[in-house]
Amino acid sequence: KGGGRKKREKPNILITGTPGTGKTTTALSLASATGFRHINVSDLVKEKNLHDGWDEELECYVLNEDLVCDELEDLMDGGGNIVDYHGCDFFPERWFDLVAVLQSDNSFLHGRLTKRGYTGKKLSNNIECEIFQVLLEEANESYPEDIVVALRSDTVEDIDANVAYLSRWLTTWMTD
Ligand code: ADP
Ligand code: MN
């Protein structure tokens with residue numbers, strides 16, 4: 001699986017995308033369908049203090065990349081992980097066998113973020129992030145193109161289809 005990539009018994013999947021595109025919903029559903037471990041990086045950063053303080057302007061923790069990578073290294077070596085985070089350029093490339101980038105049309109995303117209480121700069125930053133496909137570009141720059149997939153996440157049906165697709169992908173990887 002990938003030239004020189006260390007063979008794991010189970011693959012690791014990264015689910016990335018702009019906040020509100022459905023990463024956590026998708027990852028939880030995929031985890032319950034497959035028994036894979038869901039790792040919500042934002043939650044982990046808070047729980048284990050893997051950050052360098054609070055960014056007042058962006059209203060989020062300033063993630064410490066080295067601390068996060070050290071924390072996850074052993075788990076990732078073992079495989080069987082679904083990593084959920086709105087960034088992807090600082091993880092070691094070798095960790096992932098598939099990078100799924102969720103994408104939502106703004107007509108859906110705007111409402112989801114507003115409902116979450118995002119306003120002002122935080123709201124507009126995230127909307128722009130999605131319009132300019134920042135995460136897809138980041139994934140394409142950080143991983144081999146044959147492991148990056150963009151998945152539409154506008155509706156609940158899309159989530160179900162994405163979970164079904166990712167489950168099949170996992171099963172195929174493990175039986176190949
Ligand atoms: P993320 O983890 O990417 O920030 P969440 O999974 O927390 O996104 O989803 C944010 C909100 O939007 C939740 O209320 C979720 O139910 C809703 N949502 C996300 N994706 C979809 C989708 N494809 N269809 C319908 N609702 C969605
Ligand atoms: Mn989330």
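Note that this is a predicted model, so its numbers are computed, not measured.

Enquirer: Give me the lowdown on the overall build of the protein chain, citing residues and values where you can.
Expert: Across its full length, the protein chain holds seven helices and seven strands. Counting from the amino terminus, helix and strand elements in the protein chain follow one another as β-α-β-α-β-β-α-β-β-α-α-α-β-α. Taking 2.2 N^0.38 as the reference for a compact globule, 176 residues should give roughly 16 Å; the C-alpha atoms of the protein chain span a radius of gyration of 16 Å, in line with that estimate. In terms of overall dimensions, the protein chain has a C-alpha envelope of 50 × 35 × 30 Å along the principal axes. With 176 residues in all, the protein chain has 48% of them scored as buried. One way to put it: in the protein chain the 18 positive side-chain charges average out to a point 6 Å from where the 32 negative ones average out.

Enquirer: Describe in detail the nonpolar core, supporting the description with residues and values.
Expert: Counting residues in each nonpolar core, the largest one holds 27 residues, and the members touching the most others are Val41, Val68, Phe91, Phe96, Val99 and Tyr143. When residues of this core are traced back to their parent elements, those giving at least two are helix 2 (41-47), helix 3 (65-78), strand 6 (98-103) and helix 6 (134-142). A total of four residues in this core trace back to one element, the largest contributor, which is helix 3. Leave out the neighbours within four places in its chain, and Val68 touches Val41, Val45, Leu50, Leu63, Phe90 and Phe91. Of all hydrophobic cores here, the second largest spans 18 residues; its members include Ile15, Leu30, Ala31 and Ile82.

Enquirer: Describe the layout of surface pockets, and please don't skip the residues or the numbers.
Expert: One number sums up the size of the largest pocket: a volume of about 1200 Å³. Along its surface, the largest pocket is lined by 42 residues, and Pro19, Ser42, His86, Tyr118 and Asn126 are the ones closest to its centre. Within the residue set of the lining of the largest pocket, elements represented by two or more residues are helix 1 (23-34), helix 2, strand 3 (51-55), strand 4 (60-63), helix 5 (120-131), helix 6 and helix 7 (156-175). Each residue belonging to the lining of the largest pocket can be placed in one class, and the counts come to 17 nonpolar, 13 polar and 12 charged.

Enquirer: Residue-level account of a negative patch on the surface, with values.
Expert: Where like charges cluster on the molecular surface, the negative patch consists of Glu65, Asp66, Asp70, Asp89, Glu137 and Glu141. Looking at the negative patch, the elements that each hand over two or more residues are helix 3 and helix 6. Here the element with the most residues in the negative patch is helix 3; it accounts for three residues. With respect to the helices, strands and loops of the structure, Asp89 is situated in the loop between strand 5 (81-84) and strand 6.

Enquirer: Go over the pairing of strand 3, please, and point to the residues and values.
Expert: Taken residue by residue, a regular strand's side chains alternate between the two faces of the sheet. As paired strands, strand 3 and strand 4 are joined by three bridges and run antiparallel to one another. Within the sheet, the bridge partner assigned to His51 lies in strand 4 and is Leu63. Linking strand 3 back to strand 4 in an antiparallel pair, the connection comprises four residues, with Glu59 at a positive phi of about 50°.

Enquirer: Before we move on, could you go through the site of ligand 1 and cite the residues and values that matter?
Expert: Taken together, 15 residues sit near ligand 1, with Gly20, Lys23, Thr24, Thr25 and Arg116 positioned nearest. Within the backbone of Thr21, an N or O atom sits 3.4 Å from an oxygen atom of ligand 1. Contact distances for ligand 1 include 3.5 Å between a nitrogen atom and a backbone N or O atom of Asp154. Taking 560 Å² as the accessible area of ligand 1 by itself, protein coverage stands at 74%. Here ligand 1 occupies the largest pocket. The set of elements that each furnish at least two residues to the shell around ligand 1 consists of helix 1 and helix 7. By residue number, the principal contributor to the shell around ligand 1 is helix 1, which donates three residues.

Here is what the cut-offs are and how they apply
- Residues numbered from 1 in each chain as written.
- Chains lettered and ligands numbered in written order.
- Predicted model: local features only at pLDDT ≥ 70, side-chain atom pairs only at ≥ 80, totals over all residues.
- Heavy atoms only, no water.
- Helix = DSSP H or I, 4+ residues; strand = E, 2+ residues; numbered from the N terminus.
- Rg over C-alpha atoms; globule rule 2.2 N^0.38 Å.
- Buried < 20%, exposed > 50% of the residue type's maximum accessible area, 1.4 Å probe, protein only.
- Lys, Arg positive; Asp, Glu negative; His and termini not counted.
- Charge placed at Lys NZ, Arg CZ, Asp CG, Glu CD.
- Core = buried A, V, L, I, M, F, W, Y, C linked by side-chain atoms within 4.5 Å.
- Contact = heavy atoms within 4.5 Å.
- 1 Å grid on protein atoms, 1.4 Å probe; cavity = no way out; pocket = protein on both sides within 12 Å on 5 of 7 lines; lining within 4 Å.
- Points joined across faces, edges and corners; volume = space filled by probe spheres on them.
- Nonpolar A, V, L, I, M, F, W, Y, C, P; charged D, E, K, R; others polar.
- Patch = residues over 30% accessible without salt bridge, like charges linked within 9 Å, V, L, I, M, F, W, Y side chains within 5 Å.
- Areas by Shrake-Rupley, 256 points an atom, 1.4 Å probe, with all protein chains shown as cover.
- Salt bridge = Lys/Arg side-chain N within 4 Å of Asp/Glu carboxyl O.
- Pairing = 2+ DSSP bridges.
- Near = heavy atom within 4 Å.
- Polar contact = N/O pair within 3.5 Å; in protein donor to acceptor, adjacent residues only side chain to side chain.
- Sits in = over half its atoms within 2 Å of the grid points.

Function cannot be read off these values alone, since they describe shape.
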